[in-house]
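Here is what each chain is made of, one letter per residue.
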Amino acid sequence: MKMKINWVYHNNYDIPLKENHRFTSTKFSDLFSELKKTYLYENAIIWSPSKADLSDLSISHCLSYIKKIKYGLLSYKEERRLGLSWSKRLSERSFLAVNGTLLTANLAIKNGVGCHLGGGTHHSHFDYGAGFCVFNDLAYSALMLTKNKIVKKILIFDCDVHQGDGTARILEKNDNIFTCSIHCKKNFPVNKAQSNLDVELDDHTNNIEYLHEIQKSIKFCVNSFKPDFVFYDAGIDIHKHDELGKLNIDDDGCLERDLIVLSFLKKLSIPVATVIGGGYSKNKKELAIRHSIVFNAANHVFG
């Protein structure tokens, strides 16, 4: 009998943005609509998160910044750095999405895997948002899990094309959480943080080179750190047609990456929560299909 895969999604994940904004404001509902057309949907259980409390969020962010997001108090400069204009929906989405990743993690701990139709907001720092990332769902969820003693040691395996700088900085003094970022060297952010492991890729890196680094890195992280749990940021901006990517990875390479990571973790019985991370395209359907790849991989490995 096939195991049903837990997905986490909320109807209020989409945000209002100006036309031609680099961030696809409907990418969450686009992904959900795309997945609903496939056989994967029949094998999924859909969950929705509740909003994170201010007190809980203060585990990863300073209270004054959290209140700025809640009440719309960002300055023009802060909005520019974030790359998004404040709105009531943006605020609501931000408090929902961090708990979406935490809910995904709790479901994964019970079932081996959980997939979030959001998350991967790794450019958010302790006291400011950047790069379209309001709150850092990966840092928040990892800190909540370890604080509540649900798991002891967590690996954040970040394969977004951009470095997870916010995650690395928020967690830099935490010995129970290991941050690994595999990213394009000459890409955002300009000023990189120091993860526990940074793997920097040259522009135009191809499938063969990329998948070699993925295989080597997941083995190293797991064998050296021995995590009880993994957050996997399956950013799809590694794709050769991504507008902010710079790498040369095709659809097959993206799928193979996800299969390598998920199969390796399943073999060792290490539960994993997946988040979608970055992906940028003016073609909404193409973007939704790319983001659906990790759901295909999860179903193949765990279903």
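Every chain is numbered independently, its residues counted from 1 as its sequence is written. In view of the model being predicted, local features appear only for residues whose pLDDT reaches at least 70, and side-chain atom pairs are presented and counted only at 80 or more, with totals across whole chains, interfaces and linings using the full set of residues. Side-chain measures here rest on the full set of heavy atoms in the structure, leaving out hydrogens and waters.

Focus on the sheet that holds strand E8 (residues 272-275)
Taken in spatial order, the 8 strands line up as E2-E1-E3-E8-E7-E4-E5-E6 in an open sheet, and their pairing is parallel. Unpaired on one side and paired on the other, strand E2 (44-47) and strand E6 (197-201) mark the two borders of the sheet. Neighbour to neighbour, the strand axes of the sheet diverge by 15° on average, direction disregarded. Pairs of residues are marked as contacts when any of their non-hydrogen atoms sit within 4.5 Å. Angular values range over 0 to 180 degrees, each being the angle between N-to-C directions of two axes fitted as lines to C-alpha atoms, with helices fitted over their stretch in contact. Numbering of helices and strands runs from the N terminus; a helix is a DSSP stretch of H or I covering at least four residues, while a strand is a stretch of E covering at least two. Helix H5 (residues 88-111) rests against strand E1 (5-8), E2, strand E3 (113-116), strand E7 (229-233) and E8 of the sheet, and its axis sits at about 160° to E3. At least two DSSP bridges between two strands are needed for those strands to be called paired.

Here we look at the state of the cysteines
We call a pair of cysteine sulfur atoms a disulfide when they lie within 2.5 Å. Per the counting criterion, the structure on display carries 0 disulfides. The structure places no disulfide on Cys133, whose sulfur is separated from the nearest cysteine sulfur, that of Cys159, by 16 Å. Cys133 gets classed as buried once you look at its relative accessible area, which sits at 5%. We call a residue buried when its accessible area falls under 20% of the maximum for its residue type, exposed when it is over 50%, and partly exposed in between, using a 1.4 Å probe and counting protein chains only.

Points about the side chain of His116
With respect to the element layout, His116 can be found in strand E3. Taking the relative accessible area as the measure of exposure, His116 reaches 0% and is therefore buried. Polar contact is the term for a pair of N or O atoms within 3.5 Å; when the atoms are in protein, one must be able to donate a hydrogen and the other to accept it, and sequence-neighboring residues count only if both atoms are side-chain atoms. A distance of 2.9 Å separates the side chain of His116 from the side chain of Thr101, its partner in a polar contact. The residues touching His116, leaving out its near neighbours within four places in the chain, are Val8, Tyr13, Ala97, Gly100, Thr101, Thr104, Thr274, Val275, Ile276 and Phe295.

Some thoughts on the side chain of Thr24
Structurally, Thr24 is set in the loop between E1 and helix H1 (27-36). Within the structure, Thr24 has its side chain in polar contact with the backbone oxygen of Ser281 (distance 3.4 Å). Those residues in contact with Thr24, other than ones at most four positions away along the chain, are Asp30, Ser281, Lys284 and Leu287.

Focus: helix H11 (residues 293-302)
For H11, a buried count of 8 out of 10 residues is recorded, marking the element as mostly surrounded by other parts of the structure. Every buried residue belonging to H11 is among Ile293, Val294, Phe295, Ala297, Ala298, Asn299, Val301 and Phe302, and all of these are buried.

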